[in-house]
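A structural walkthrough
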Amino acid sequence: MAATPPSFSPSRTTCASLLRELQMIWDEIGESDNDRDNMLLQLEQECLDIYHRRVEETRKHKADMYQWLADAEAQATNLVSSLGESTVLPRGKGTLKQQITTIRPVLEDLRSKKDDRIKEFLKIKSQISQICDEIAGCGQFKSVTGSDVNQSDLTSKKLGELKSHLQELQNEKILRQQKLKSHISTISELTEVMSIDFRKTLNEIHPSLDDSLKGTLQSISNDTLARLTGVIHSLKREKQQRLQKIQELAKMLVELWDLMETPTEEQKVFSHVTRLSSASADEVSTHGCLSSEVIEQVEGEVQRLNVVKASKMKDLVFKRQNELEAIYRGVHMDVDSESARQILNSLIESGNIDLSDLLQNMDGQIRQAKEQALSRRDILDRTEKWKFAAEEEKWLDEYERDENRYSAVRGAHKNLKRAEKARILVSKIPSTVENLTAKVKAWEMEKGIPFLYEKIPLLHSLDEYIVQRQLREEEKRKYREQKRLQEQAAVEQEALFGSRSATKKPLCQSNNANTMAGTPIARRLLAPSGRHGTSGGKERRESGRVNNIIPVNYVALPKDNSVSRGN
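Residues numbered from 1 in each chain as written. Predicted model: local features only at pLDDT ≥ 70, side-chain atom pairs only at ≥ 80, totals over all residues. Heavy atoms only, no water.

1. A look at the packing of helix 4 (residues 156-194) against helix 6 (residues 222-260)
The condition that has to hold: Helix axes are fitted only over the stretch in contact, all axes being lines through C-alpha atoms; the angle between N-to-C directions runs from 0 to 180 degrees. A run of H or I in DSSP counts as a helix once it spans at least four residues, and a run of E counts as a strand once it spans at least two, with each numbered from the N terminus. Any angle that is under 35 degrees is reported as roughly parallel, and any over 145 degrees as roughly antiparallel; angles of 65 to 115 degrees are reported as roughly perpendicular and all others as oblique. Helix crossings get a hand from a simple test, with the near helix turned counterclockwise from the far one by less than a right angle marking a left-handed crossing and a clockwise turn marking a right-handed one. We call two residues in contact whenever any of their non-hydrogen atoms come within 4.5 Å of each other. All residues other than Ala, Val, Leu, Ile, Met, Phe, Trp, Tyr, Cys, Pro, Asp, Glu, Lys and Arg, Gly among them, are scored as polar; the first ten of these are nonpolar and the last four charged.
Where helix 4 meets helix 6, the axes come as close as 10 Å, and the angle between the chain directions of the two elements is 25 degrees. With respect to helix 6, the axis of helix 4 lies roughly parallel. For the crossing formed where helix 4 meets helix 6, the hand is left-handed. Here helix 4 contributes Arg 176, Lys 179, Leu 180, His 183, Thr 186, Ile 187, Leu 190, Thr 191, Val 193 and Met 194 to the contact with helix 6, which in turn contributes Asn 222, Thr 224, Leu 225, Leu 228, Thr 229, Val 231, Ile 232, Leu 235, Lys 236, Glu 238, Lys 239 and Arg 242. Split by residue class, the contact of helix 4 with helix 6 holds 10 nonpolar, 6 polar and 6 charged.

Pasting the structure below:
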């Protein structure tokens, strides 16, 4: 496109008019032709110099425009590469000014994107740097500048990697903050149980952990977490040691209370201590229950009780002896009370033995006695049953020898019931004795000592009982045989001479003197068979005539007056 010729102002004069005016001036002056030619040549040279200068300036401006275009294209290419953009640069068409006009907005847009991207990188890097400084435990945060950003790589991929790294650090920070919170909570619980200054403990770890410092970032550094962990271990160890000490003191308290029979009301003062006797460290969470003050109080109480214990120890020793003797007597074991008390009294008065050791020794004897008593319990129970059965057997023998046991007197039915139960019990005596003997032999074989009952070997007593029982059985057999012979003689005599009339006796009387002394008497009138018959006297006589037998234990019953008169 052709350039438009410059317009000249009407006031301006052209070179030709100026040259004509110059010729007229020269004519007036009278310049020579030679001078005129020299001045024209000089004027032309000056005009050429001006044109040359303008051309050079224009040529240089053109070169600058080419250079600017080249630099712009190179810069745009670098920006596209560093930003990772897919922008297509416009190709050079038209004049230089047109090309410059085309590429300038693209370059400015890329530069704006680069500035925004750098700001984003700086923001993310600043956050990463801050979190890293927090984790490292730096007191002051290092500021991030543009020089810390690699401007040759501002791609979205690099930005994404930084964001991912920032997210990992943020997650790590959250985990550390949670761990920090958990550690502080644990320390709070431990210090509360032991009444230790919580804030002072945290300040010794790191001043930023104090909640009273509002707006201060709490340290989450490895050093802080490690110190928190160490303090927790130290507090747990201290808690365990204090708990063990409290439990030992509580055990001593209970032993002293038991020794001196301390009233329950006085024990309640230290119930918060005795409750910890069987507790584990994790179960103890009551405020101040393991404080130094509580431990000092319990120690003082133990010392006080020990002083009281020393004055009462002698009484406690003899009390233990009474308990030991009671255990032995309860299981029918032999114990020489007088000799044992003399020995204890001599030991105490000599002062050559620690009374606490003596009490422990007696406690051991009591435990051993209880074990022996427990091992004897089954045999003793069986022995009591055997003794009771033997007593019932003895009573039954006396009862059966009483000729008037069926008399219709008050209380006779109770004796008859007792006799029925006694017969059942007596029938089991052989098996009872046999089982008891086996138990005693097994016990003696296991213990290696004889089983004494009231200072006598129980097996010896059982053997004697068996022999005596056999003798009694033999006597009873002889008595029954003799009785049978007497009854047979009476029957024979009656067959020869007839029966004699029996003298009537009131039912309420008994001609046996043992009845008044408590010997069993008859219980009721009704009983099966002729041996325990309960019919009237007339019926008994008629039955006697038919069978020619008069029972030995015959009892005449009273009748009404009308019946007696009729007979």
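2. Things to note about helix 2 (residues 33-83)
We count it as follows: Helix span, expected: 1.5 Å multiplied by one less than the number of residues in the helix. Categorising residues by exposure relies on relative accessible area from a 1.4 Å probe, with only protein chains included: less than 20% of the type maximum marks a residue as buried, more than 50% marks it as exposed, and the intermediate range marks it as partly exposed.
Taking 1.5 Å per residue, 51 residues should reach 75 Å; helix 2 reaches 73 Å between its end C-alpha atoms and fits that length. All buried positions along helix 2 are accounted for by Arg 36, Met 65, Leu 69, Ala 72, Ala 76, Leu 79, Val 80, Ser 82 and Leu 83. Two residues or fewer after helix 2 comes Gly 84, characterised by a positive phi angle close to 70 degrees.

3. What about the packing of helix 1 (residues 15-29) against helix 2?
Following both chains from N to C, one finds helix 1 and helix 2 inclined at 150 degrees, their axes separated by 12 Å at the closest point. Looking at the two axes, helix 1 sits roughly antiparallel to helix 2. In the packing of helix 1 onto helix 2, the handedness of the crossing is right-handed. Contacts from Leu 19, Gln 23, Trp 26 and Asp 27 in helix 1 reach Arg 36, Met 39 and Leu 40 in helix 2. For the contact of helix 1 with helix 2, a count of residues per class yields 4 nonpolar, 1 polar and 2 charged.

4. Structural notes on the packing of aromatic side chains
Here is the rule: Only centres within 6.5 Å qualify two rings of Phe, Tyr or Trp (six-membered ring in Trp) as a pair; their planes then separate them into stacked at under 30 degrees, edge-to-face at over 60, and tilted for everything else. Only when the NZ of Lys or the CZ of Arg is both within 6 Å of the ring centre and within 35 degrees of the ring normal is a charge said to sit over the ring.
For the structure shown, the criterion picks out 1 aromatic pair. Seen from their ring centres, Trp 386 and Tyr 465 are 5.3 Å apart, and the 85 degrees between their planes marks the pair as edge-to-face. A residue pair is termed long-range when its members are at least 10 positions apart, and Trp 386 in helix 11 (residues 355-401) and Tyr 465 in helix 14 (residues 458-497) qualify at 79 residues. Look at Trp 386 and you get buried, because its relative accessible area is 4%. The ring of Trp 395 carries the charged tip of Arg 418 above its face, separated from the ring centre by 4.1 Å.

5. Considerations on the nonpolar core
The line we're drawing: Nonpolar cores were defined as sets of buried Ala, Val, Leu, Ile, Met, Phe, Trp, Tyr and Cys residues, with membership established by side-chain atoms within 4.5 Å.
Within the largest apolar cluster, 67 residues are counted, with the highest numbers of intra-cluster contacts made by Val 284, Leu 290 and Val 298. Going through the elements one at a time, helix 2, helix 3 (96-136), helix 4, helix 5 (198-205), helix 6, helix 9 (292-330) and helix 11 are the ones with two or more residues in this core. Looking at this core, the element that brings in the most residues is helix 6, giving 13 residues. In contact with Val 298, other than residues within four places in its own chain, are Leu 249, Leu 253, Phe 270 and Val 273. Judged by nonpolar contacts, the second largest core, of 23 residues, contains Leu 396, Tyr 399, Ile 429 and Val 440.

6. Here we look at the confidence of the model for the chain
What counts is decided by this rule: A residue's pLDDT is the confidence the predictor assigns to it, expressed on a 0 to 100 scale.
Mean pLDDT over the chain: 75, with 76% of residues reaching 70 or higher. Per-residue pLDDT stays below 50 along residues 1-11; that stretch engages in 0 contacts with residues further than four places along the chain or on separate chains. Considering only residues more than four positions removed or in separate chains, one finds that residues 501-567, a stretch of pLDDT under 50, has 103 contacts.

7. Some details on the side chain of Arg 117
Position of Arg 117 among the secondary structure elements: in helix 3. Not counting the four nearest positions on each side in its chain, Arg 117 is found in contact with Leu 83, Glu 85, Leu 154, Thr 155, Ser 156 and Leu 159.

8. With respect to unusual backbone geometry
In this structure, Ser 195 is a non-glycine residue whose phi angle is positive, near 55 degrees. Relative to the assigned elements, Ser 195 resides in the loop between helix 4 and helix 5.

9. Concerning helix 4
Under the 1.5 Å per step criterion, the end-to-end length of helix 4 is 56 Å for 39 residues, consistent within 8% with the ideal 57 Å. Note on helix 4: the residue one or two positions beyond its end, Ser 195, has a positive phi of about 55 degrees.

10. Focus on the environment of Glu 56
How we decide: Here a polar contact is recorded for every N or O atom pair within 3.5 Å, except that within protein the pair must consist of a potential hydrogen donor and a potential acceptor, and residues adjacent in sequence are included only if both atoms are side-chain atoms.
Mapped onto the elements of the fold, Glu 56 is located in helix 2. Using a relative accessible area of 48% as the deciding quantity, one classes Glu 56 as partly exposed. Only 2.7 Å separates the side chain of Glu 56 from the side chain of Arg 59, close enough to count as a polar contact.

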